[in-house]
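This is what each chain is made of:
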Amino acid sequence: MVPTPLHIKHTMFAQPPHAAKAAGDISSAFVQLGSTAEPLPPRFAALKQSISPRDPAILALAWTRLLAQLERETAEIEREGPNIVPQVDFAAIRANGGRFPDAVAAQIRKRGCVVIRGVVSEEQALGWKEDTKKYIARNRNRLIGFPAQDPQVWEVYWSPAQLAARENPNLNVTTGALNALWWAEEETLVDLERSVTYCDRLRIRKPGDTSFALGEHVDGGSLERWEDDEYRKCYTKILEGDWEAFDMWDATHRVNARMDLYNGAGGCSMFRTFQGWLSLSNAGPGRGTLRLCPLIRETVAYMMMRPLLADLASVSDMAGAWPARVQDLSREYHEHIIRAMVSVPDVRPGDCVFWSCDTVHAVEGVAGGTEDASVFYIPAAPLCELNANYLRKQRDEFEKGRTPPDFPGNHCEALIEERGKPGNLTRLGRTLMGFEHVEISEGMGKGQREAVRRFNVILGLRGA
Ligand SMILES: [Fe+2]
């Protein structure tokens, strides 16, 4: 059952943070796909007061500077179009020891997104798509998706092809390079050199589809960015009116941020440095692909300041943030960001697209062209306590073939015998899924070392 607004209201603080999710599909996460929301309680007006600078002129001036900067940047984005999105060959990452070349890293840090070419071969990606289609066809009576009558996004998490993609060594190098774009203070309990697996769905969007059109949004919670004390610390500079000093790539307060205070289908319990997908198709502008805002500091500053500005400062409205839903952006409140959106450039099967956890993104309204627009959603997530706790629950569900804990509790695959199982994983796959002890080595920093120690304890692994 999809939670109604009434349920949300009355369970706001009553539920443990990781109670089982209600059944549903991807629409459960989006007000714009049919989930409803009701006005927020007055305490959000009080929250705004408590987190805003005492002098309203500070934010007003910061906002003026921000709009001027956005105007300059948007002109460049409009000139460049999709080519503004940084692009790099996977081979260049490999040749650079598993790290992005410096010039590319600088572009990604500015743009918050990247297209990586040839992470796996075209043949491999197309093979995985065919295997997945067959898996769905053979088990069609058990599987559901969105929209119900003709699914484009499937509640499928454990197909053997998804498992193979998640544990692919090149994908692991790629997510490691993405994690390494971040940094954290020495004491922070995170190992940014190591990835863990967050198991997500897949999309096989048919040509001509208009049902899976997603408006502009940001994942990783919504109200939580302002409401959770630790999450809010990521944005201290912005909330002080000094948005130019905001560092998107500082993970220090991300690792303990609570992104899912309302146990919603839209909540992600893991810290993902980047969301992403592996393309299984030839896709591109006009063909049902991803759109995003290729600026990070400016858009986060805009999103965080918007509900605190004079027109909304004394009311509970949080400009598109709703409990248990993703952060929605609208022309009403976020027109400058929406104007700066671009589609990602053409991709081929085997290419990947990644965008930061705070990047505004959307899905094109119409899947034009003649080919399906298909992806496996595979993000980058580092080793940290928060992720270890999720990994333990995800591992338990994986062993039973149940839906991963962040997603609607349909458990469609539990009775599908041919689903991927722990025994199918490679050694790397087992490590990424939290089945294998991680060694502590000499060169590790203090926080990194402690993160690994706790990881082993939480997951009950040898050497803990
Ligand atoms: Fe999203």
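This one's a predicted model, so the numbers in the text were calculated from it and none came from an experiment.

Quick notes on the rules
Here, residues in each chain are numbered from 1, in the same order as that chain's written sequence. Only residues with pLDDT of 70 or above have their local features reported here, since the model is predicted, and side-chain atom pairs are shown and tallied only from 80 upward, although totals for entire chains, interfaces and linings are computed over all residues. With hydrogens and water set aside, each side-chain value is computed from the structure's full complement of heavy atoms. Strands are runs of DSSP state E lasting at least two residues, helices are runs of H or I lasting at least four, and both sets are numbered from the N terminus onward. When a residue's accessible area, from a 1.4 Å probe over protein chains only, is under 20% of the maximum for its type it is buried; when over 50% it is exposed; and in between it is partly exposed. In this analysis, two residues are considered to be in contact whenever any of their non-hydrogen atoms come within 4.5 Å of each other. The Shrake-Rupley method, run with a 1.4 Å probe, gives the accessible areas here. Residue values count only the displayed protein chains as cover. When charges are counted, Lys and Arg are positive and Asp and Glu negative, with His and the chain ends excluded. The atom standing in for a charge is NZ when the residue is Lys, CZ when it is Arg, CG when it is Asp and CD when it is Glu. Helix axes use the C-alpha atoms of the stretch in contact, all axes being lines fitted to C-alpha atoms, and the angles between their N-to-C directions lie in the range 0 to 180 degrees. Note: crossing handedness is left-handed where the near helix turns anticlockwise from the far helix by less than a right angle, and right-handed where it turns clockwise. Salt bridges are defined as contacts in which a side-chain nitrogen from Lys or Arg sits within 4 Å of a carboxyl oxygen from Asp or Glu. Multiplying one less than the number of residues by 1.5 Å gives the expected span of a helix. Metal donors were taken as nitrogen, oxygen and sulfur atoms no farther than 2.8 Å from the ion, or 3.2 Å where the ion is Na, K or Ca. Water is excluded, so coordination may look unfinished. Polar contact criterion, stated in full: a pair of N or O atoms within 3.5 Å, where within protein one must be able to donate a hydrogen and the other to accept it, and residues adjacent in sequence count only if both atoms are side-chain atoms. Roughly parallel here means an angle under 35 degrees, roughly antiparallel means over 145, roughly perpendicular means 65 to 115, and every remaining angle is called oblique. Amino acids are sorted into nonpolar (Ala, Val, Leu, Ile, Met, Phe, Trp, Tyr, Cys and Pro), charged (Asp, Glu, Lys and Arg) and polar (every other residue, Gly among them). Definitions used for this entry: grid spacing 1 Å over protein atoms alone; cavity, a set of points where a 1.4 Å probe fits but cannot get out; pocket, an open set with protein on both sides within 12 Å along at least 5 of 7 lines; lining residue, one with an atom within 4 Å of a point. Grid points are joined across faces, edges and corners, and a volume is the space filled by probe spheres set on the points. Between any two strands, at least two bridges found by DSSP are needed for them to pair.

(A) Structural detail: the overall build of the chain. For the chain, the count of helices and strands is 16 helices and 15 strands. With the C-alpha coordinates aligned to their principal axes, the bounding extent of the chain is approximately 60 × 55 × 50 Å. Looking at the 464 residues of the chain, the share that counts as buried comes to 60%. At a minimum sequence separation of 6, the contacts of the chain that also span at least 24 residues come to 82%. In the form shown here, the chain has an accessible surface area of approximately 17800 Å², with 51% of it arising from carbon and sulfur atoms. Each charge class in the chain can be summarised by its mean position, and for the 55 positive and 61 negative side chains these summaries are 3 Å apart.

(B) A look at the packing of helix α3 (residues 56-80) against helix α12 (residues 297-305). Close contact between α3 and α12 brings their axes to 10 Å; oriented N to C, the two are set at 145°. Viewed along their axes, α3 and α12 form a crossing whose handedness is left-handed. Contact residues: α3 offers L59, A62, W63, L66, L67, Q69, L70 and E73, while α12 offers E298, A301, Y302 and M305.

(C) Here's a closer look at the pattern of salt bridges. Applying the stated criterion to the full structure yields 28 salt bridges. For D372, the salt bridge goes to K129, with nearest N and O atoms at 2.9 Å. Of the two residues, D372 sits in the loop between β13 (361-363) and β14 (373-377) while K129 sits in helix α6 (residues 122-138), which places them 243 residues apart along the sequence. Owing to a relative accessible area of 11%, D372 belongs among the buried residues under this scheme. Assessed through its relative accessible area of 5%, K129 is described here as buried. Among the ionic contacts, a cluster of salt bridges with common partners joins E385, E450, R453 and R454.

(D) Quick peek at helix α14 (residues 385-400). Taking 1.5 Å as the rise per residue, α14 with 16 residues should run 22 Å; its terminal C-alpha atoms sit 23 Å apart, in good agreement. Within α14 the residues assigned to the buried category are N387, A388, Y390, L391, Q394, R395, E397 and F398. Considering only its buried residues, α14 is in contact with α7 (160-166), β15 (382-384), α15 (427-432) and α16 (446-458). One or two steps after α14, the chain reaches G401, where phi turns positive at roughly 75°.

(E) Layout of the coordination of the iron ion. The coordination sphere of the iron ion contains the protein donors H217 (NE2), D219 (OD) and H361 (NE2), at a distance range of 2.1 to 2.2 Å. Written as a sequence motif, the donor arrangement for the iron ion is H-x1-D-x141-H. The same class applies to H217 and to D219, which are both buried.

(F) Representation of α3 in the model. In a regular helix each residue adds 1.5 Å, so 25 residues correspond to 36 Å; α3 covers 36 Å between its end C-alpha atoms and thus fits that length. Looking only at α3, the buried set comprises L59, A62, W63, L66, Q69, L70, E73, T74 and I77. Tucked into the core, α3 has its buried residues touching α5 (102-111), α11 (236-239), α12, α13 (331-339) and β11 (342-343). Capping of α3 at its N-terminal end is provided by D55; its side-chain oxygen lies 2.9 Å from the backbone amide nitrogen of A57. Looking at the residues trailing α3, positive phi occurs at G81, about 65°.

(G) How the structure looks around the packing of α14 against α16. It is at 9 Å that the axes of α14 and α16 come closest, and there the two elements cross at 15°. The angle between α14 and α16 falls in the class roughly parallel. Of the two possible hands of crossing, α14 and α16 adopt the one that is right-handed. Listed contacts from α16 to E385, A388, N389, L391 and R392 of α14 are R454, F455 and I458. Its residues placed into classes, the contact of α14 with α16 shows 4 nonpolar, 1 polar and 3 charged.

(H) Spotlight on empty space enclosed by the protein. Taken as a whole and assessed by the stated rule, the structure comprises 5 cavities of 30 Å³ or more. Approximately 90 Å³ is the volume found for the second largest cavity. Lining the second largest cavity, in full, are R166, L171, N172, T175, S195, V196, T197, Y198, I378, P379 and L432. Top contributing element to the lining of the second largest cavity by residue count: helix α8 (residues 169-179), with 3 residues. Counted by class, the lining of the second largest cavity contains 6 nonpolar, 4 polar and 1 charged residues.

(I) Representation of the environment of R454 in the model. As for its position among the elements, R454 is in helix α16. The exposure class assigned to R454 is partly exposed, which follows from its relative accessible area of 28%. With 326 residues separating them along the chain, R454 and W128 place their C-alpha atoms 35 Å apart. For R454, the residues in contact, after removing those within four places along its chain, are L189 and E385.

(J) Layout of the pairing of strand β6 (residues 202-205). A two-sided burial pattern is seen for β6, the buried positions comprising L202 and I204 on one face and R203 and R205 on the other. In this sheet, β14 lies alongside β6 in antiparallel orientation, the contact comprising 4 bridges. Bridge pairing links R205 to A373 in β14.

(K) Representation of the side chain of D358 in the model. Secondary-structure assignment places D358 in the loop between β12 (352-356) and β13. Taking relative accessible area as the criterion, D358 reaches 1% and is therefore assigned buried. At a separation of 2.7 Å, a polar atom in the side chain of D358 contacts the side chain of Y235. Setting aside chain neighbours within four positions, we find D358 in contact with V218, R225, Y231, Y235, M248, R254, I296 and V300.

(L) How the structure looks around the sheet that holds strand β4 (residues 153-154). If you walk across this open sheet you meet the 8 strands as β1-β2-β12-β8-β14-β6-β4-β3, and the pairing is mixed. The open sheet is flanked by β1 (87-89) and β3 (145-146), the only strands paired with a single partner. On the sheet, α6 packs against β4, β6, β8 (274-279) and β14 and is oriented at approximately 90° with respect to β6. α8 rests against β2 (113-117), β8 and β12 of the sheet, and its axis sits at about 25° to β12.

Don't take any of this as a statement about function, it's just geometry.
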